[in-house]
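Overview (structure and organization)
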Amino acid sequence: MSKILTVQDLVVSYGGIEAVKGISFDVNQGEIVTLIGSNGAGKSTTLKSISGLVRPKSGSILLHEEAPEGEKQIELIGLSPDKIVSHGVSLVPEGRRVFPNLTVKENLKIGAYLRHDDLDEDFKYVYSLFPRLKEREWQLAGTLSGGEQQMLAVGRALMSKPRLIMMDEPSLGLAPLVVKGIFDIIREIHKNGVTVLLIEQNANMALKVADRAFVLETGSVTMTGAGKELLENDTIREAYLGKTKK
């Protein structure tokens, strides 16, 4: 399986405090990979570094692309966020961050701001995933429910036609039924050929959907394995699932 992303020895500091302490991991084309860990473990900082919103102190973030002459590796550190999006990497930020005074359709158009081709098929695709957004196409985003805003944030990221979509806490603050719907959509996006890198406090749901998982603690990777394997790991069950194996 070919790699789409390689993070190597990543170090990120805020005011002299290391939030990420030399982590390394990779994501293969067509996988769902999840990063789990408690608050402050460095998960969101890692995604922000990959998307160009935070400049790491050191390390490497390589995006692998297929080219006529063979595989090409692009160093993402130092590139602007819009340049990273143009290479097919999109972020669904924590807290949704929709534009409240713009309509649903205007928010979706912003996701495609780097594109100059026809968007009709992409609107149809997003609306097929989220029929509720089609119903509220001309409604202001700020008047949507939390679950609808999360749908809009995911739809907006998809409008850039990403190869790799990163999601930061997509279930945060949502009702259990809405959370199930969001994870069903993650599976559907993945089935349609998009690689997914997921951060999620709901470790149970994240590990069920993930091909592989990396556990972060205080800025370091402490464990890795298949999602289903980590679901059965006693240490993971006690620390993140709130139960021990019978």
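Source: prediction; values computed, not measured. (Residues numbered from 1 in each chain as written. Predicted model: local features only at pLDDT ≥ 70, side-chain atom pairs only at ≥ 80, totals over all residues. Heavy atoms only, no water.)

Examining the packing of aromatic side chains
We apply this condition: Aromatic contacts are taken between Phe, Tyr and Trp rings whose centres are within 6.5 Å, Trp giving its six-membered ring; a plane angle under 30 degrees counts as stacked, one over 60 as edge-to-face, and the others as tilted. Secondary structure counts use DSSP, requiring at least four H or I residues in a row for a helix and at least two E residues in a row for a strand, with both numbered from the N terminus. With a 1.4 Å probe rolled over the protein chains alone, any residue whose accessible area is under 20% of its type maximum counts as buried; one over 50% counts as exposed, and the rest are partly exposed.
A complete count under the given rule lists two aromatic pairs for this structure. Ring geometry for Phe25 against Phe214: centres 5.4 Å apart, planes inclined by 50°, an arrangement best described as tilted. Here the residue Phe25 occupies a position in strand S2 (residues 17-28), and Phe214 occupies one in strand S9 (residues 212-217), the gap between them amounting to 189 residues. Overall, Phe25 belongs to the buried group, its relative accessible area being 3%. Plain terms: the ring middles of Phe123 and Tyr127 are 6.1 Å apart, the flat faces sit at 25° to each other, and that makes the pair stacked. Highlighted residues: Phe123 and Tyr127, both in helix H4 (residues 120-129), separated by four residues, approximately one helical turn. Neither residue differs from the other here; Phe123 and Tyr127 are each classed as buried.

Brief notes about the sheet that holds strand S6 (residues 89-92)
Note the cut-off: Criterion used throughout: strands pair if DSSP finds at least two bridges between them. For every element, the axis is a line fit to its C-alpha atoms; helices are fit only across the contacting stretch, and the angle between N-to-C directions ranges from 0 to 180 degrees. Throughout, a residue-residue contact means that at least one pair of heavy atoms, one from each residue, lies within 4.5 Å.
Overall, mixed pairing links the six strands, which are arranged S6-S7-S8-S3-S9-S10 in an open sheet. One side of each edge strand has no neighbouring strand; the edge strands of this open sheet are S6 and strand S10 (220-226). Sheet twist, expressed as the average angle between the axes of neighbouring strands with direction ignored, equals 15°. Running over the sheet, helix H7 (residues 176-191) touches strand S3 (32-36), strand S7 (164-168) and strand S8 (195-199) and is turned about 150° from S8.

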